[in-house]
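Here are the chains, one letter per residue:
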Amino acid sequence: MVGRGGGPYTAGVTTSRDDEAAAVDEPAAAPAGTVERWALDFLRAADEPTKLRPGPPPGRWEPDPPVRDVRAPGRPPSWR
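Keep in mind that what you see is a predicted model, and the values were worked out from it rather than measured.

Peer 1: Residue-level account of the packing of aromatic side chains, with values.
Peer 2: Taken as a whole and judged by the stated rule, the model has one aromatic pair. Here Trp 38 and Phe 42 contribute two aromatic rings whose centre-to-centre distance is 6.4 Å and whose plane-to-plane angle is 15°, an arrangement assigned as stacked. With Trp 38 and Phe 42 both in helix H2 (residues 35-44) and four residues apart, the pair spans about one turn of that helix. Owing to a relative accessible area of 27%, Trp 38 belongs among the partly exposed residues under this scheme. Lying across the ring of Phe 42, Lys 51 places its NZ or CZ 4.7 Å from the centre.

Peer 1: Describe the pattern of salt bridges, with residues and values.
Peer 2: Enumeration over the complete set of coordinates arrives at three salt bridges. For Asp 41, the salt bridge goes to Arg 37, with nearest N and O atoms at 3.3 Å. With a gap of four residues between them, Asp 41 and Arg 37 both fall in helix H2, about one helical turn apart. With relative accessibility at 38%, the residue Asp 41 sits in the partly exposed group. For Arg 37, a relative accessible area of 28% gives the class partly exposed. Across the pair Glu 62 and Arg 68 runs a salt bridge whose closest N-O atoms are separated by 2.9 Å.

Peer 1: Tell me about the environment of Pro 31, and please be specific about residues and values.
Peer 2: Tracing the sequence through the fold places Pro 31 in the loop between helix H1 (17-22) and H2. Put simply, Pro 31 and Trp 61 are 30 residues apart on the chain and 9.3 Å apart in space, counted from C-alpha to C-alpha. The residues contacting Pro 31, other than those within four sequence positions of it, are Arg 37, Glu 62 and Arg 68.

Peer 1: Describe the confidence of the model for the protein, naming the residues involved and giving the relevant values.
Peer 2: Scored by pLDDT, the protein has a mean of 78; 66% of the residues are at 70 or more. Across the protein, H2 holds the top mean pLDDT of 94, while H1 sits lowest at 41. Every residue in residues 13-24 is under pLDDT 50, and counting partners more than four places away or in other chains gives six contacts.

Peer 1: So what about H2? Which residues, and what values?
Peer 2: Regarding H2, the residues found buried are Val 35, Glu 36 and Leu 40. Along the axis of H2, the buried positions cluster into a sector of 135°, meaning they face one direction only.

How each quantity is defined
- Residues numbered from 1 in each chain as written.
- Predicted model: local features only at pLDDT ≥ 70, side-chain atom pairs only at ≥ 80, totals over all residues.
- Heavy atoms only, no water.
- Phe/Tyr/Trp six-rings, centres within 6.5 Å; stacked < 30°, edge-to-face > 60°.
- Helix = DSSP H or I, 4+ residues; strand = E, 2+ residues; numbered from the N terminus.
- Buried < 20%, exposed > 50% of the residue type's maximum accessible area, 1.4 Å probe, protein only.
- Lys NZ or Arg CZ within 6 Å of the ring centre and 35° of its normal.
- Salt bridge = Lys/Arg side-chain N within 4 Å of Asp/Glu carboxyl O.
- Contact = heavy atoms within 4.5 Å.
- pLDDT = per-residue confidence, 0-100.
- Arc of directions from axis to C-beta.

Here is the structure:
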């Protein structure tokens, strides 16, 4: 979304260097057997078979998941 000045729309979003410094480079692991763990494993995967055929997600959700910030997804070398 584009804001009035042509830049990204950031209504209600505040950032500062302190926020960026406090951000975690690697999100906390989700419990095994949860949809959240399945999604994190998929995002971090760096091999084509996992990216192209991730398998079905589990039926269990994490009860109270924290916010996880995945800075960059994994990518197979041939996709870079």
